[in-house]
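One letter stands for each residue in the lines below.
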Amino acid sequence: MRAAQGALASRGLWQELSGAAGLAAYRRLGRDFDGPVVCIATSSGFKDVGVGVETVEVLTNPTVDDVLRA
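The rules behind each value
Throughout this document, residue positions are counted from 1 along each chain, in the order its sequence is written. Reporting of local features is limited, given that this is a predicted model, to residues whose pLDDT is at least 70; pairs of side-chain atoms are given and counted only at 80 or more, and all residues count toward the totals for whole chains, interfaces and linings. The basis for every side-chain value is the complete set of heavy atoms in the structure, and neither hydrogens nor water enter the calculation. Each residue's exposure class comes from its accessible area (1.4 Å probe, protein chains only) as a fraction of the maximum for that residue type: buried when under 20%, exposed when over 50%, partly exposed otherwise. Helix and strand assignments follow DSSP, with helices taken as H or I runs no shorter than four residues and strands as E runs no shorter than two, numbered in order from the N terminus. It is the directions from the helix axis to the C-beta atoms whose arc is reported. Contacts were defined at the residue level, with two residues in contact if any of their heavy atoms lie within 4.5 Å.

A. Geometry of helix 1 (residues 2-10). Regarding helix 1, the residues found buried are A4, Q5, A7 and L8. When helix 1 is viewed along its axis, its buried side chains cluster within an angular range of 160 degrees and face the same direction. Within helix 1, the exposed residues directed more than 90 degrees away from the buried face are R2 and A3. Residues of helix 1 that are buried make contact with helix 2 (21-29). At the C-terminal side of helix 1, G12 shows a positive phi close to 90 degrees.

Shown next as structure tokens:
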């Protein structure tokens, strides 16, 4: 769950540990699906302030390519 929490944080989604459970479970399945997969994040990182310790560059007018590079 910590790895999932870190992955979400690197994409700008600040979740406490329990909020990352959906992504952690999806990854643990280790299989592909035919369509999109939705993982519900049920919290915010305000309960786990250690998630937001890294600083990131703030982009003005980011593009899809900027997001995919992150």
